[in-house]
Amino acid sequence: AIKKRLHSSEKWNYRRFQVFKGLSEDQKTEYREYLAPSPSTATAEAYILNDLCEDLSNTQISNIYSYIRTPKGSSYNYEHYIHSYRKRNQNILEALSEQKSSAALFLDLKNYYASVNRDLLIDAIKRHPVLTAPKNRYSVDFLVDQIDQSPSGIPIATELSHLPGDIYFEPLDRLPKKSLGDRYF
């Protein structure tokens, strides 16, 4: 039933909710907007990730350590973050040990998901080689619908949130990878 619904132009159901984020510099309460999928929508997301996992694994940059997709048929969609986090830290330590004059620079993009330009993101999704393959075309419509329902940028808290995040950031990830090679983490 889910597969049949995915190939229709049907809307999927999400519920918005807020979670306390912190206090702003002027001590005002800040909240982060989340989307919670309905049970059938969550099932559809899991189906999409499982269906696309093999094709998408070939496009993932080798030295990315978060949201590593699992093989098709796994009982979960992403590897647990702590394993990749430890591996990344070990690889950084080894790289710094090999070149004593090296330094590590850690960057965190504040409000990355919320600040993404929707039009550019939707365009990137509609041009993505894996998603636009005839057998995967249904996933484009699903992702665009999800982004349209998000309060801003990329929706937070859905199983698929990381996929548009990866797609949007992919061109920027490739630049340091090209110049730094295995020293880009």
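No experiment lies behind these values; they were computed from the predicted model shown.

1. Quick word on the overall build of the protein chain
A count of helices and strands for the protein chain gives 7 helices and 2 strands. The N-to-C order of helical and strand elements in the protein chain reads α-β-β-α-α-α-α-α-α. Its C-alpha atoms put the protein chain at 55 × 45 × 30 Å along the principal axes. Within the protein chain, buried positions represent 35% of all 185 residues. Here the contacts in the protein chain between residues at least 6 apart in sequence split such that 58% fall between residues at least 24 apart. When the accessible surface of the protein chain is summed, it comes to about 11,600 Å², and 52% of that surface belongs to carbon and sulfur atoms. For the protein chain, the distance from the average site of its 25 positive side-chain charges to the average site of its 23 negative ones is 1 Å.

2. Brief notes about the pairing of strand β2 (residues 29-37)
For strand β1 (residues 14-23) and β2, the ladder comprises 9 bridges, and the chain directions are antiparallel. Each bridged residue has a counterpart across the sheet, and for Phe-20 the counterpart in β2 is Tyr-31. Hairpin connection between β1 and β2: a loop of 5 residues separates the two successive antiparallel strands, and Gln-27 in this loop has a positive phi of roughly 65 degrees.

3. Quick notes on the packing of aromatic side chains
The full count for this structure, using the stated rule, is 7 aromatic pairs. Ring geometry for Phe-20 versus Tyr-31: centroids 6.2 Å apart, planes at 75 degrees, classification edge-to-face. One end of the pair, Phe-20, is in strand β1; the other, Tyr-31, is in strand β2, with 11 residues separating them in the sequence. Three or more aromatic residues link up through ring pairs in this structure, and these residues are Tyr-112, Tyr-113, Tyr-168 and Phe-169.

4. Focus on a nonpolar patch on the surface
A cluster of nonpolar side chains, namely Phe-20, Leu-23 and Tyr-31, defines an oily patch on the protein surface of about 340 Å² accessible area. Judged by its relative accessible area of 48%, Tyr-31 falls in the partly exposed class.

5. Notes on the environment of Cys-53
Secondary-structure assignment places Cys-53 in helix α2 (residues 39-57). What makes Cys-53 buried here is its relative accessible area of 4%.

6. Description of the nonpolar core
Leu-6, Ile-48, Ile-125, Leu-131, Phe-142, Leu-160 and Leu-163 are the most contacted members of the largest nonpolar core, which totals 32 residues. Of all the elements in the fold, those that place two or more residues in this core are α1 (2-6), β2, α2, α4 (112-115), α5 (118-127), α6 (137-149) and α7 (162-180). No other element matches α6, which puts 6 residues into this core. Beyond its immediate sequence surroundings of up to four residues, Phe-142 is in contact with Leu-6, Trp-12, Tyr-14, Thr-41, Ala-44, Glu-45, Ile-48 and Leu-160.

7. Here we look at the confidence of the model for the protein chain
Summary statistics for the protein chain give a mean pLDDT of 86 and a share of 96% for residues scoring 70 or more. Looking over the protein chain, one finds the lowest element-wise mean pLDDT in α1, namely 84, and the highest in α5, namely 95.

8. Let's talk about the packing of α5 against α7
Think of two packed helices as two axes; the pair is described by the angle between the axes and how far apart they sit. In the contact formed by α5 and α7, the axes pass within 9 Å of each other and the chain directions differ by 95 degrees. With respect to α7, the axis of α5 lies roughly perpendicular. Residues Leu-120, Leu-121, Ala-124 and Ile-125 of α5 pack against Pro-164, Ile-167 and Tyr-168 of α7. Partitioned by chemical class, the residues of the contact of α5 with α7 number 7 nonpolar, no polar and no charged.

Criteria and thresholds
- Residues numbered from 1 in each chain as written.
- Predicted model: local features only at pLDDT ≥ 70, side-chain atom pairs only at ≥ 80, totals over all residues.
- Heavy atoms only, no water.
- Helix = DSSP H or I, 4+ residues; strand = E, 2+ residues; numbered from the N terminus.
- Buried < 20%, exposed > 50% of the residue type's maximum accessible area, 1.4 Å probe, protein only.
- Contact = heavy atoms within 4.5 Å.
- Areas by Shrake-Rupley, 256 points an atom, 1.4 Å probe, with all protein chains shown as cover.
- Lys, Arg positive; Asp, Glu negative; His and termini not counted.
- Charge placed at Lys NZ, Arg CZ, Asp CG, Glu CD.
- Pairing = 2+ DSSP bridges.
- Phe/Tyr/Trp six-rings, centres within 6.5 Å; stacked < 30°, edge-to-face > 60°.
- Patch = residues over 30% accessible without salt bridge, like charges linked within 9 Å, V, L, I, M, F, W, Y side chains within 5 Å.
- Salt bridge = Lys/Arg side-chain N within 4 Å of Asp/Glu carboxyl O.
- Core = buried A, V, L, I, M, F, W, Y, C linked by side-chain atoms within 4.5 Å.
- pLDDT = per-residue confidence, 0-100.
- Axes fitted to C-alpha atoms, helices over the stretch in contact; angles between N-to-C directions.
- Parallel < 35°, antiparallel > 145°, perpendicular 65-115°, else oblique.
- Nonpolar A, V, L, I, M, F, W, Y, C, P; charged D, E, K, R; others polar.

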